[in-house]
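# Observations on the three-dimensional arrangement
Each chain, written out:
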Amino acid sequence: MARMAGRRLLLAAPVLLAVTFAVFAVAALSPFDPVKAYAGSAGLTATRAELDQLRANLGVDQPLVRRWWDWLGSALTGDLGTSAALRQPVADVIAERVGWSALLAATAFAAAVLAGTVLGVLAARRPGGPLDRTASALAYTLEAAPAFWLGLLAVWLFSVRLGVLPSGGLTDADSEVVTAGQVARHLVLPALVLGLSQLPWFFLYVRQGVADALAEDPVRGARARGLSERRVLLGHALRAGMLPMLTLIGSRVPELITGALLVETVFSWPGIAAATVQAATSVDFPLLAALTVLATAAVLAGNLLSDLLYGLADPRVGFDG
């Protein structure tokens, strides 16, 4: 396990380097001017000399490779630079927001895995039954529904129509402090929407895996030995049926990040979504590179986690192979 994790970390370094360079390259080709975005309305009346001086102060007058190399050298020492769009250190921008994004993503992901597993097992027990047909139809429908559309629908139903849940933000509008109860209430809708966008994949994989396992000879043999249906299902079929689902953990991380950005925007959740959008539209090189590295690292970590879980669940898979 340690050797495989070490190899993955060594391979992650060049990937992250290539990703950061690609961010600076794409930003350099962008038609947006970071100097004008930084100056705002003051840039409309500024002279050419003043704009050139601001360009030099921001370091965007340097060649692409030089900007990337300077940022990389500073990042390796822990200095991620200063966000031109938000006027604060990039490390502070990320520290203030990444925790809320992680809370939303982790809650939604855990709910999707748990609900998908339970529904998948129940549907696989009686293929073609009412529960199987209903859950499969809903899964295919949710699979095709955009996350932002589900978010708007949830706001209309639970906030506008029923008035039982807040429509956005982290706390109530009249509250001056952040409390756990308010955060939990405001987390329900965005976590529900993000979890529903991930649920179909886990449900379909678990359903198919458990259904295939129930038809295999070892499960038939367990039934023939007189084991209870519950023990056969949970002790044999579920473990075999969960193996394909474990591979989804890594592959769903990019979709989870994209969905989280959309959901955070719809529900005004104070995560990294607003910072990501503002960094992209303002061509904020330091912030955009740091956020991209963070997202790439999350994807690589998700892939590693799925491989480790698969190896732990199936002893036939070697970690050092």
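Residues numbered from 1 in each chain as written. Predicted model: local features only at pLDDT ≥ 70, side-chain atom pairs only at ≥ 80, totals over all residues. Heavy atoms only, no water.

### Concerning the overall build of the chain
When helices and strands are tallied, the chain shows 14 helices and two strands. Burial statistics for the chain: of 321 residues in total, 38% are counted as buried. Pairs at least 24 apart in sequence give 74% of the contacts found in the chain among residues at least 6 apart. Counting every atom, the chain has about 17,200 Å² of accessible surface; 65% of that belongs to carbon and sulfur. (Helix = DSSP H or I, 4+ residues; strand = E, 2+ residues; numbered from the N terminus. Buried < 20%, exposed > 50% of the residue type's maximum accessible area, 1.4 Å probe, protein only. Contact = heavy atoms within 4.5 Å. Areas by Shrake-Rupley, 256 points an atom, 1.4 Å probe, with all protein chains shown as cover.)

### Some thoughts on the layout of surface pockets
Counted as a void, the largest pocket has a volume near 550 Å³. Taken together, 25 residues form the lining of the largest pocket, with Ile257, Ile272, Leu294, Ala295 and Ala298 sitting closest to its centre. Here the lining of the largest pocket is built from residues that sort into 20 nonpolar, four polar and one charged. (1 Å grid on protein atoms, 1.4 Å probe; cavity = no way out; pocket = protein on both sides within 12 Å on 5 of 7 lines; lining within 4 Å. Points joined across faces, edges and corners; volume = space filled by probe spheres on them. Nonpolar A, V, L, I, M, F, W, Y, C, P; charged D, E, K, R; others polar.)

### Topic: unusual backbone geometry
With a phi angle near 50 degrees, serine 268 is a residue other than glycine that sits in the positive phi range. Among the secondary structure elements, serine 268 is positioned in the loop between α12 (253-267) and α13 (273-281).

### Here we look at the nonpolar core
Leu104, Leu194, Val210, Val263 and Phe267 are the most contacted members of the largest nonpolar core, which totals 39 residues. Sorting the residues of this core by element identifies α5 (90-125), α7 (147-161), α8 (180-214), α10 (229-246), α11 (248-251) and α12 as the ones contributing at least two each. Here the element with the most residues in this core is α8; it accounts for 11 residues. Look past the residues within four positions of leucine 194 in its chain and what remains in contact with it is Leu104, Ala105, Ala108, Leu256, Gly259, Ala260 and Val263. Core analysis: the second largest hydrophobic core is formed by 20 residues, Ala275, Leu288, Ala290 and Leu291 among them. (Core = buried A, V, L, I, M, F, W, Y, C linked by side-chain atoms within 4.5 Å.)

### Considering the packing of aromatic side chains
As enumerated under the stated definition, the model contains four aromatic pairs in all. Between phenylalanine 21 and tryptophan 68 the ring centres are 5.2 Å apart and the planes differ by 85 degrees, which places this aromatic pair in the edge-to-face class. Taken together, the residues span a long stretch of sequence, with phenylalanine 21 in helix α1 (residues 2-29) and tryptophan 68 in helix α4 (residues 64-76) at a distance of 47 residues. Ring geometry for tryptophan 100 and tryptophan 269: centres 6.3 Å apart, planes at 90 degrees, overall edge-to-face. Here tryptophan 100, found in helix α5, pairs with tryptophan 269, found in the loop between α12 and α13; they are 169 residues apart in sequence, far enough to count as distant. (Phe/Tyr/Trp six-rings, centres within 6.5 Å; stacked < 30°, edge-to-face > 60°.)

### As for a nonpolar patch on the surface
On the surface, Phe148, Trp149, Leu152, Leu153, Trp156, Leu157, Val160, Leu162, Val164 and Leu262 cluster together into a nonpolar patch covering about 950 Å² of accessible area. It is α7 that provides the largest number of residues to the nonpolar patch, a total of seven residues. Locating tryptophan 149 in the fold gives a position in helix α7. (Patch = residues over 30% accessible without salt bridge, like charges linked within 9 Å, V, L, I, M, F, W, Y side chains within 5 Å. Salt bridge = Lys/Arg side-chain N within 4 Å of Asp/Glu carboxyl O.)

### Looking at the pattern of salt bridges
Oppositely charged side chains can form a pair if their charged atoms are brought close together. Taken as a whole, this structure holds three salt bridges when the rule is applied. Between aspartate 70 and arginine 66 there is a salt bridge whose closest N-O contact spans 3.0 Å. Of this pair, aspartate 70 and arginine 66 are both found in helix α4, four residues apart, which corresponds to roughly one turn of the helix. When its relative accessible area of 36% is taken as the criterion, aspartate 70 is described as partly exposed. We classify arginine 66 as partly exposed; its relative accessible area is 45%.

### Some words on the packing of α5 against α8
Direction vectors running N to C along α5 and α8 enclose 35 degrees, while the axes themselves pass 4 Å from each other. In this structure, the crossing between α5 and α8 has a hand that is right-handed. Its residues placed into classes, the contact of α5 with α8 shows 25 nonpolar, six polar and two charged. (Axes fitted to C-alpha atoms, helices over the stretch in contact; angles between N-to-C directions. Left-handed = near helix turned anticlockwise from the far one by under 90°.)

### Here we look at α4
Between its first and last C-alpha atoms α4 spans 18 Å; for 13 residues at 1.5 Å apiece the expected length is 18 Å, and the two agree. Among the residues of α4, Arg67, Trp68, Trp71 and Leu72 are the ones counted as buried. Within α4, the buried residues cover an arc of 125 degrees as seen down the axis, which keeps them to one side. Exposed residues on α4 whose side chains face more than 90 degrees from its buried face are Trp69 and Leu76. Phi for glycine 78, located one or two positions after α4, is positive at around 95 degrees. (Expected span 1.5 Å × (residues − 1). Arc of directions from axis to C-beta.)

### Structural notes on the side chain of arginine 97
In this structure, arginine 97 sits in helix α5. There is a polar contact of 3.3 Å between the side chain of arginine 97 and the side chain of glutamate 96. (Polar contact = N/O pair within 3.5 Å; in protein donor to acceptor, adjacent residues only side chain to side chain.)

### Considerations on the environment of threonine 258
Mapped onto the fold, threonine 258 is located in helix α12. For threonine 258, a relative accessible area of 42% corresponds to the partly exposed category. Between the C-alpha atom of threonine 258 and that of alanine 273, which follows or precedes it by 15 residues, the distance is 9.3 Å.

### Observations concerning the side chain of glutamine 88
As for its position among the elements, glutamine 88 is in strand β2 (residues 88-89). There is a polar contact of 3.4 Å between the side chain of glutamine 88 and the side chain of glutamate 96. Here glutamine 88 is in contact with Thr82, Ser83, Val93, Glu96 and Arg97, once residues within four sequence places are set aside.

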